[in-house]
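Residues per chain are reported as follows:
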Amino acid sequence: MAGCGASGPIKARVAESPRTFCNPVNVDYRFMKIDGGDGIREAADPVVVEFGGRYYLFASKSSGYWHTEDFVEWTHVLIDDTVLPIEDYAPGLFVYDGYLYYVGSTHGKGMLYRSSAPEKGVWEPVKEIWSYWDPAFLVEGDNLYLYYGCSPVDPIYMRTLDLRTLEEKRGETVCFNSDKEHHGWERTGEYNELERRPYIEGAWMTAHDGRYYLQYAAPGTEWKSYADGAYVATSPEGPFTYMENSPVSYKPTGFLGGAGHGCLFTVGGDNYWKAATNSISVRHMFERRVSFYPAGFDDDGYMYTDTYMGDYPTYLPDSRCRRPGKARPEWMLLSQGKRVTASSALDGYSADRAVDEDARTAWVAASNGDGEWFEIDLGALSSICAIQVNFDEYGATHKGVVGGLYQSYVIYASVDGETWYAVADRSGKRSDTPHDYIEFEKPFRARYVKLQNVAYTVSQNLSLRDLRVFGRGRGRRPQAADGLTVQRDAADGCRVRLSWDAAKGAQGYIVRYGIAPDKLYNNFQVAGGDTSLEIGSLNSGVEYYFTVDSYNECGITRGRRMEACR
């Protein structure tokens with residue numbers, strides 16, 4: 001411990017070389033340019049590409065792209081429309097022969113650009129090619145395979161181009177379309193409860209171990225149910241067979257929901273990660289963020305994405321931080337639902353909204369001055385390992401990339417609520433970090449945490465989505481959740497209802513499920529005292545297995561019982 005307990009001063013040091021990050025990715029998300037989008041940040045449809053020793057993150061409507069070497073520090077490259085059609089949605093990229101290639105979404109042909117120095121923002125046009133909407137590419141041999149589609153009616157298509165000439169070798173082929181009658185997760189709505197047809201979009205192709213995994217998104221970017229499924233083939237051109245463990249990237253619950261329309265990328269050769277779109281969609285349906293999740297393939301060739309507590313601190317996608325079989329440190333959320341006080345609050349935006357574990361709500365102060373502060377009482381001395389500061393944009397009116405925006409503040413901690421010690425001084429910060437994340441070199445003990453505003457230039461009102469404190473509480477892990485019952489809907493095989501007995505000491509539960517006992521890749525987080533859950537995202541005709549984990553501030557207790565249903 002870095003602290004001296006209840007009687008001595010609190011000593012904390014911010015990690016200069018952090019081992020972890022916390023979703024969403026902490027980049028300077030751009031403000032919308034479209035009508036009705038004033039003051040609303042967005043980034044979506046991410047593509048991550050390794051090129052020249054750097055990792056590049058492209059996302060829709062970002063006035064450029066970011067690059068990093070360590071996934072901690074991100075540099076934004078501002079691109080003008082005269083250089084690239086950067087305002088097109090869903091960028092398509094591939095690497096070939098020493099160049100990074102780029103094309104935007106179109107309804108036919110679009111100009112393909114290339115760069116040997118994308119970190120400098122230098123690009124040159126190459127040739128018009130078929131790009132259509134939501135283009136994605138696979139380079140193999142002399143072929144450039146193009147996959148595309150974005151429609152509530154039309155399917156996912158593909159074409160084959162000659163990589164050397166960029167001329168078409170084989171014309172448009174249908175890969176697959178939606179099947180909401182049998183694929184529950186494709187149904188629209190926050191809980192897959194609506195009847196209208198979903199958007200099928202966001203194709204991405206991954207070649208792995210002699211098989212070709214064509215991923216796609218449904219049911220719509222505005223829902224927390226936004227997810228990716230997959231079809232698989234032994235050839236890039238198909239025919240494609242549905243993967244019955246779909247969705248293969250799914251996060252319908254937690255602080256930030258949604259894990260659709262993204263890409264699969266590797267770090268260090270074989271360390272797979274998923275970049276995905278998250279939904280906020282409060283002020284505008286396209287109010288979105290980007291997150292990274294560990295991903296991979298099991299021994300039977302099933303693709304999966306690990307979104308289990310996927311918005312908790314996670315080891316960085318750097319090979320030096322890899323932990324076999326362990327994606328995250330054992331740090332729990334300490335701040336949810338705790339007693340809070342604040343310097344001021346607007347009506348309807350009370351302080352408790354900043355500890356409700358919901359990115360769609362916020363505390364809003366009466367001003368953006370240095371007299372504004374927010375304080376959490378954790379209820380007991382706790383071991384604090386990391387803090388995430390998620391700022392809101394209440395009252396902002398910006399459009400596009402705006403200079404001079406920043407959030408400067410100081411985080412204080414206290415044992416008794418009277419004597420305070422600065423544990424993270426961001427008073428001199430002049431960068432725009434809407435989802436700031438602070439990891440400490442070593443844990444320190446405190447009961448109270450306070451954010452003191454210094455300057456907030458985004459709007460006239462300081463606003464926080466959530467101040468999230470991670471570490472370990474005092475006490476024991478909860479008991480295991482027993483009494484699990486599972487009942488499949490007789491009329492609709494995509495729906496199932498679960499219930500279980502309350503576990504002593506539990507603050508919440510995580511329902512894990514999948515198509516085999518060793519393939520429980522999807523999950524729902526159930527916070528509070530609820531002990532039942534209805535899921536509407538199953539695939540009909542597929543057998544599923546379920547178990548329930550319990551958790552509190554001291555850790556997670558895995559479910560002891562597993563139930564199956566056909």
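Residues numbered from 1 in each chain as written. Predicted model: local features only at pLDDT ≥ 70, side-chain atom pairs only at ≥ 80, totals over all residues. Heavy atoms only, no water.

Regarding the overall build of the protein
Scanning the protein from terminus to terminus reveals zero helices and 40 strands. Its C-alpha radius of gyration of 23 Å places the protein within 12% of the 24 Å reference for a compact globule of 566 residues. Expressed as lengths along the three principal axes of its C-alpha atoms, the size of the protein is roughly 75 × 55 × 45 Å. For the protein, buried positions account for 62% of its 566 residues. Within the protein, contacts between residues separated by at least 24 positions form 62% of all contacts whose residues are at least 6 apart in sequence. Charged side chains in the protein number 60 positive and 77 negative. The centres of these two groups are separated by 5 Å. (Helix = DSSP H or I, 4+ residues; strand = E, 2+ residues; numbered from the N terminus. Rg over C-alpha atoms; globule rule 2.2 N^0.38 Å. Buried < 20%, exposed > 50% of the residue type's maximum accessible area, 1.4 Å probe, protein only. Contact = heavy atoms within 4.5 Å. Lys, Arg positive; Asp, Glu negative; His and termini not counted. Charge placed at Lys NZ, Arg CZ, Asp CG, Glu CD.)

Notes on the packing of aromatic side chains
Applying the stated criterion to the full structure yields 41 aromatic pairs. Ring centres of Phe-21 and Trp-273 lie 6.1 Å apart, and the angle between their planes is 55°; on these two criteria the pair is classed as tilted. A residue pair is termed long-range when its members are at least 10 positions apart, and Phe-21 in strand S1 (residues 20-21) and Trp-273 in strand S21 (residues 271-279) qualify at 252 residues. The pair Phe-21 / Trp-273 is uniform in exposure class, with both members buried. (Phe/Tyr/Trp six-rings, centres within 6.5 Å; stacked < 30°, edge-to-face > 60°.)

Focus on the confidence of the model for the protein
Of the residues in the protein, 98% reach a pLDDT of 70 or more, and the chain-wide mean stands at 95. A low-confidence stretch, residues 1-5 stays under pLDDT 50, and its non-local contacts, those more than four residues away or across chains, total 13 contacts. (pLDDT = per-residue confidence, 0-100.)

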